[in-house]
Amino acid sequence: MNARFVSSKPYYLRTLSKAFENFEYRETTISHTFRRRHPFLHNRSFGEAFYQALRKTCRVGPLRHVLELGGGCGDFARDFLRAWTHSQGRTAVSYTILDLSNALLRCQRQLAGSRRLRPWLVQADGQRLPLRTGSFTGVAIANEMIADLDAWEICGDATRADRVQCVGARREGFSPEVVRAVIRRYRLRPFLRRHRSTIVPYGLIRLLEELSRALTDRSWVILTEYVDLEGGGRLNQLDGHLECRLSLDVICHLAHEAGFSVRTISLSDFLDLCITAPVLTRRFGLFLKRILGYEISVTLPAGSARLARLLGQTVNGHGGLLSRAELQRFVSAFHVFILTKRPTRTAAQLQANSVISREPDVLKIHSSTRQPFLLKPHPLAFHHLTDTGEYLWDRLDGRRTIRDLAALLARRYDVSQRRATQDALAFLRTAHRHRYVS
C-alpha cells in the first residue's frame, strides 16, 4: 500500500502573495463569488445568508463567540458580523479569524480596518489551535477550507496495511508508523478496501481532535466543503498547490470517531438558495474546470456560448451568463456538516441516571410491510426495531434519563421496573455502539 503526502501549507505560507487574485482566478469559492448581494441568495451576500441559516437551521440561539478557521479575503466575516449586529441589536462579543497566510491576514485587516465591527485576527495553523482545553464556547466555522489541509493519498491493497510505503520525503506526521496508527485508530480500512484510491484527510483529523479538545459541550462546529458523493476522494491541481475533494462518508465517519454528532445538509438547502437568475460565467467556468473536474478549456473571461457548447446546454440569449441548470448541477456537490460535541462515554458506561439523545442524522423509516428500521446515511447502515425498541426510540428527547424511559416502559408493557430498566439499558447500549444515540 502506497501513501503520498499532500500539503498546501508551503503555498499559503510562502507562495501566496495576492489574496484577491488568488480567489478570483485560482482557488474559486462560492463565498468569494457571492461576496456581494445577489438574487441567487435572495438579494443577500453569502455571509449574511450564512448567518441567517445558522440561526434558523442549527437553532444555536443568540450568538456570543465565533471562531472562523480560514478567513479568505474577509468578506464572509464582514457580512456575517453585519447580519449578526442587525439581528441582535448590538455588536458581536467576539469574532476571531484564524488564518495561516500573511497575505490573507493583510487583506482581512484592510477590509475590516475602517469598520466598527472589527474581528480579531490571529495567525495560526488550524491543525494546532492556540486554545486551551475546554476554553471555547460558541460556534467554530470552517468555510471551504478543509480541502486545503494536509492529506494522504493512499493506493493499493488495504489488507496489507502492515506494509506501508510512504512516497516522498519523510515529514512531520507522515511515516509508515503514523499511517498504520491512523488507519487503525479511526477504523478506515473498510474505506480503503472500497476504493482503489482514497484521500485520508489527516489535517482534518487533527483539526477535529483540536476542536474536540478546545470546545465545550455547548459548542457547534460548522464545516462547508465540496465533496465526493460516491468515490474515495480525489486531488485537484490548482495553480501552485493541490486541493482535496474529500469523500462525504469519510468526513462523517471521522467526525463521529472524533467525538461529534454529525448532521449533513446540502448547501442549497442550508442557504435556501433561489436559483432563478443566471450568473456570470468567468468564475463559475473556472470552478467547473479546476474544482469539479469538467474537461473545459476556460479563458479569462470565458465566453458563454463556448462554455454552453462544451456543456451541451444553451444560454438562452444571456450574454456572458451561466444557465440555472448548470448552477443546480454544481451546487449539489457542496455540503454543510453540522457537528455537536457528544458526551465522552462508552456504551458500557451508560447507567440508569444517564440522559440519552438521538444522533441528529439517524432516521426512523418503515418498510413496505410497516416494519420499523433505524437508518444512518453516512456510512449507510440500518437496523430493525422491535416493538420495545420503537417505543423507546419515539420517547428519546434528550431530557429523559434511562430510569424515566424504563418507568414508561414498565407501565406500557406491565412489567417490573427492574425488568424494564434492564431491557432499556440493553437496547440503548446496543444503539450507542452503533452510534444511533449518544
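Structure: see above.
Residues numbered from 1 in each chain as written. Predicted model: local features only at pLDDT ≥ 70, side-chain atom pairs only at ≥ 80, totals over all residues. Heavy atoms only, no water.

### So, the packing of aromatic side chains
Going through the model one piece at a time under the given rule, you end up with 13 aromatic pairs. Centroid distance Phe80 to Trp84: 6.2 Å. Interplanar angle 85°. Geometry classified as edge-to-face. Note that Phe80 and Trp84 are positioned in helix α5 (residues 75-88) at a spacing of four residues, about one turn of the helix. Plain terms: the ring middles of Phe80 and Tyr95 are 5.7 Å apart, the flat faces sit at 55° to each other, and that makes the pair tilted. On the criterion of sequence distance, the pair formed by Phe80 in helix α5 and Tyr95 in strand β3 (residues 94-99) is long-range, its members being 15 residues apart. Across the pair, exposure class does not vary: Phe80 and Tyr95 are buried alike. Each residue in the set Phe46, Phe50, Tyr51, Phe76, Phe80, Trp84, Tyr95 and Phe270 is aromatic and connected to the rest through ring pairs, giving one cluster. Between Lys376 and the ring centre of Tyr436, over which it is positioned, the NZ or CZ distance is 5.8 Å. (Phe/Tyr/Trp six-rings, centres within 6.5 Å; stacked < 30°, edge-to-face > 60°. Helix = DSSP H or I, 4+ residues; strand = E, 2+ residues; numbered from the N terminus. Buried < 20%, exposed > 50% of the residue type's maximum accessible area, 1.4 Å probe, protein only. Lys NZ or Arg CZ within 6 Å of the ring centre and 35° of its normal.)

### Things to note about the layout of surface pockets
The volume enclosed by the largest pocket comes to roughly 600 Å³. Contributing to the lining of the largest pocket are 25 residues, with Ser261, Thr340, Ser357, Arg358 and Pro360 lying nearest its centre. Secondary-structure elements contributing two or more residues to the lining of the largest pocket are β12 (260-266) and β15 (334-341). Top contributing element to the lining of the largest pocket by residue count: β15, with three residues. When grouped by side-chain class, the residues that make up the lining of the largest pocket number eight nonpolar, seven polar and ten charged. Of the volumes computed, that of the second largest pocket is approximately 240 Å³. Every residue lining the second largest pocket is counted, 13 residues in all, and those nearest its centre are Arg187, His253, Lys376, Pro379 and Arg435. Of all the elements in the fold, those that place two or more residues in the lining of the second largest pocket are α8 (189-194) and β18 (381-384). Among the elements that line the lining of the second largest pocket, the one with the most residues is α8, at three residues. Class assignment of the residues belonging to the lining of the second largest pocket gives a composition of five nonpolar, three polar and five charged. (1 Å grid on protein atoms, 1.4 Å probe; cavity = no way out; pocket = protein on both sides within 12 Å on 5 of 7 lines; lining within 4 Å. Points joined across faces, edges and corners; volume = space filled by probe spheres on them. Nonpolar A, V, L, I, M, F, W, Y, C, P; charged D, E, K, R; others polar.)

### So, the environment of Thr216
For Thr216, the location among the structural elements is in the loop between α9 (202-214) and β9 (220-228). Linking Thr216 and Arg342, residues 126 residues apart in sequence, is a C-alpha distance of 9.9 Å. Other than its neighbours up to four places away in sequence, Thr216 contacts Gly134, Phe136, Thr137 and Lys341. A polar atom in the side chain of Thr216 sits 2.8 Å from the side chain of Thr137. (Contact = heavy atoms within 4.5 Å. Polar contact = N/O pair within 3.5 Å; in protein donor to acceptor, adjacent residues only side chain to side chain.)

### A word on unusual backbone geometry
Note: most peptide bonds trans; most residues except glycine with negative phi. For His42, which is not a glycine, the phi torsion comes out positive at approximately 55°. If you trace the backbone, His42 turns up in the loop between α3 (30-33) and α4 (46-57). Residue Asn43 is not a glycine yet carries a positive backbone phi of 60°. Looking at the secondary structure, you find Asn43 in the loop between α3 and α4.

### Looking at the packing of helix α15 (residues 387-394) against helix α16 (residues 402-413)
Running from amino to carboxyl end, α15 crosses α16 at an angle of 135°, the nearest separation of the two axes being 10 Å. As the angle between them shows, α15 and α16 are arranged oblique. Note on packing geometry: the crossing formed by α15 with α16 is right-handed. When α15 is examined against α16, the residues Asp387, Thr388, Tyr391 and Leu392 are found in contact with a partner set consisting of Leu405, Leu408, Leu409, Arg412 and Tyr413. For the contact of α15 with α16, the class distribution of residues is six nonpolar, one polar and two charged. (Axes fitted to C-alpha atoms, helices over the stretch in contact; angles between N-to-C directions. Parallel < 35°, antiparallel > 145°, perpendicular 65-115°, else oblique. Left-handed = near helix turned anticlockwise from the far one by under 90°.)

### Some words on the sheet that holds strand β16 (residues 363-366)
Spatially, β16-β17-β18 is the arrangement adopted by the three strands of the open sheet, whose pairing is antiparallel. Of all the strands in the sheet, just β16 and β18 have a single pairing partner and so form its edges. Taking the axes of each pair of neighbouring strands and ignoring which way they run, one obtains an average angle of 30° across the sheet. The sheet contact formed by strand β17 (residues 372-376) and β18 spans four bridges and is antiparallel. (Pairing = 2+ DSSP bridges.)

### Topic: empty space enclosed by the protein
Taken as a whole and assessed by the stated rule, the structure comprises four cavities of 30 Å³ or more. In this structure, the largest cavity spans a volume of roughly 480 Å³. Lining the largest cavity are 31 residues, with Gly70, Asp99, Leu104, Met145 and Asp148 positioned closest to its centre. Elements supplying a minimum of two residues to the lining of the largest cavity: α1 (9-15), α3, β2 (65-69), α5 and β3. For the lining of the largest cavity, the per-class residue count stands at eleven nonpolar, eleven polar and nine charged.

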